[in-house]
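Single-letter residue listing:
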Amino acid sequence: MKHSAKKSVLSSLLLTVLLTSGGYASAGESLNLKQTMKQMRLQYKEAMESRSAESFNQHIDAFKTHLSSAQTYDFSPDRKVISLEGLGKVERFIAEIPLATEDNLAELQQKLSSVDELRKEYHKKAKPGTLELLLSIFK
């Protein structure tokens, strides 16, 4: 095989590897956001089902940690504003929740239920279209 032919094959191979790696990185980032959101949902659910103030507070702290992580995600430009707006609303709401005590636990759980309404609202607004999901494979 001639030197220029080898160089061409190696260049093509390198390009293929780089493009493929980029696709996996984007998929990995999406997976990380999806996992973070699942963890937020789990912590929310556990807080709502908590029978003690201590448990509720632990789950809210874990929820806040995952929320901070979600806010650092590199959203696509067309979804960034709406996604960060929704996460910001959740952050402000959660920041206003005081530490739970045995006396206010039920009241705080009732207030926390409105976070699920925000989730539903912003998931509808920021839901990617089929074309966007397909194109994300090639990013």
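Keep in mind that what you see is a predicted model, and the values were worked out from it rather than measured.

A short note on the overall build of the chain
A count of helices and strands for the chain gives five helices and zero strands. Taken from N to C terminus, the helices and strands of the chain fall in the order α-α-α-α-α. Restricting the contact set of the chain to residue pairs at least 6 apart, pairs at least 24 apart contribute 68%.

Quick look at the environment of Glu102
Within the secondary structure layout, Glu102 lies in the loop between α3 (77-95) and α4 (105-126). According to the relative accessible area criterion, Glu102 is exposed, its value standing at 55%. Sequence separation of Glu102 and Ala53 is 49 residues, and the distance between their C-alpha atoms is 5.5 Å. What Glu102 contacts, discounting residues up to four positions off in sequence, is Arg51, Ser52, Ala53 and Glu54. Within the local environment of Glu102, its side chain forms a polar contact with the backbone nitrogen of Ala53, the two atoms lying 3.0 Å apart.

Regarding the nonpolar core
Phe56, Phe63, Val90, Ile94, Leu112 and Val115 are the most contacted members of the largest nonpolar core, which totals 24 residues. Among the elements of the structure, α1 (3-49), α2 (53-71), α3 and α4 are those that each provide at least two residues to this core. The element that contributes the greatest number of residues to this core is α4, accounting for seven residues. With sequence-adjacent residues up to four places away left out, Ile94 is seen in contact with Ile60, Phe63, Lys64, Leu112 and Val115.

What to know about the packing of α2 against α4
Direction vectors running N to C along α2 and α4 enclose 25°, while the axes themselves pass 11 Å from each other. When the axes of α2 and α4 are compared, the pair comes out roughly parallel. Regarding α2 and α4, the two cross each other, and that crossing is left-handed. Contacts between α2 and α4 involve Ala53, Phe56, Ile60 and Phe63 from the first element and Leu105, Leu108, Gln109, Leu112 and Val115 from the second. Classifying every residue of the contact of α2 with α4 gives eight nonpolar, one polar and no charged.

Structural notes on α2
Between the first and last C-alpha of α2 there are 27 Å, a value that for 19 residues agrees with the 27 Å anticipated at 1.5 Å per step. Every buried residue of α2 is listed here: Ala53, Phe56, Asn57, His59, Ile60, Phe63, Leu67 and Ala70. Down the axis, α2 shows its buried residues gathered within 165° of arc, on one side only. Within α2, the exposed residues directed more than 90 degrees away from the buried face are Glu54 and Thr65.

Quick word on α4
Look at α4: 32 Å from first C-alpha to last across 22 residues, which is about the 32 Å you get at 1.5 Å a residue. All buried positions along α4 are accounted for by Leu105, Leu108, Gln109, Leu112, Val115, Asp116, Leu118, Tyr122 and Ala126. Projected down its long axis, α4 carries its buried residues within an arc of 165°, all on one side. Those residues of α4 that are exposed and aimed more than 90 degrees away from the buried face are Ala106, Gln110 and Lys124.

A short note on the pattern of salt bridges
One pass over the full model with this rule turns up five salt bridges. Here Asp116 makes a salt bridge to Arg41, at a shortest N to O gap of 2.6 Å. Remark: Arg41 occurs in helix α1 and Asp116 occurs in helix α4; sequence separation between them is 75 residues. In this structure, Asp116 engages Arg119 in a salt bridge whose closest nitrogen and oxygen atoms are separated by 2.7 Å. Of this pair, Asp116 and Arg119 both sit in helix α4, three residues apart, roughly one helical turn. Taking the relative accessible area as the measure of exposure, Asp116 reaches 12% and is therefore buried. Overall, Arg119 belongs to the partly exposed group, its relative accessible area being 29%. A network of salt bridges, in which partner residues are shared, links Arg41, Asp116, Glu117, Arg119 and Lys120.

Criteria and cut-off values
Along every chain, residues carry numbers that run from 1 in the direction the sequence is written. Residues qualify for local features only when their pLDDT is at least 70, as the model is predicted, and side-chain atom pairs are given and counted only at 80 or more; totals for whole chains, interfaces and linings, by contrast, use all residues. Water and hydrogen atoms play no part in the side-chain values, which are based on all heavy atoms of the structure. Only DSSP runs of H or I with at least four residues qualify as helices, and only runs of E with at least two residues qualify as strands; both kinds are numbered from the N terminus onward. Note on definitions: a residue-residue contact is assigned when non-hydrogen atoms from the two residues lie within 4.5 Å. Think of it in three bands: residues with accessible area under 20% of the maximum for their type are buried, residues over 50% are exposed, and the middle band is partly exposed, with areas taken using a 1.4 Å probe on protein chains only. Here a polar contact is recorded for every N or O atom pair within 3.5 Å, except that within protein the pair must consist of a potential hydrogen donor and a potential acceptor, and residues adjacent in sequence are included only if both atoms are side-chain atoms. In plain words, nonpolar cores are sets of buried Ala, Val, Leu, Ile, Met, Phe, Trp, Tyr and Cys residues tied together by side-chain atoms within 4.5 Å. Angular values range over 0 to 180 degrees, each being the angle between N-to-C directions of two axes fitted as lines to C-alpha atoms, with helices fitted over their stretch in contact. Working rule for angles: under 35 degrees goes down as roughly parallel, over 145 as roughly antiparallel, 65 to 115 as roughly perpendicular, anything else as oblique. With the far helix as reference, a near helix turned anticlockwise by less than a right angle produces a left-handed crossing, and one turned clockwise produces a right-handed crossing. Amino acid classes used here: Ala, Val, Leu, Ile, Met, Phe, Trp, Tyr, Cys and Pro are nonpolar; Asp, Glu, Lys and Arg are charged; the rest, including Gly, are polar. Any helix carries an expected span of 1.5 Å times its number of residues minus one. Throughout, the arc means the angular range of directions from the helix axis out to the C-beta atoms. We count a salt bridge whenever a side-chain nitrogen from Lys or Arg sits within 4 Å of a carboxyl oxygen from Asp or Glu.

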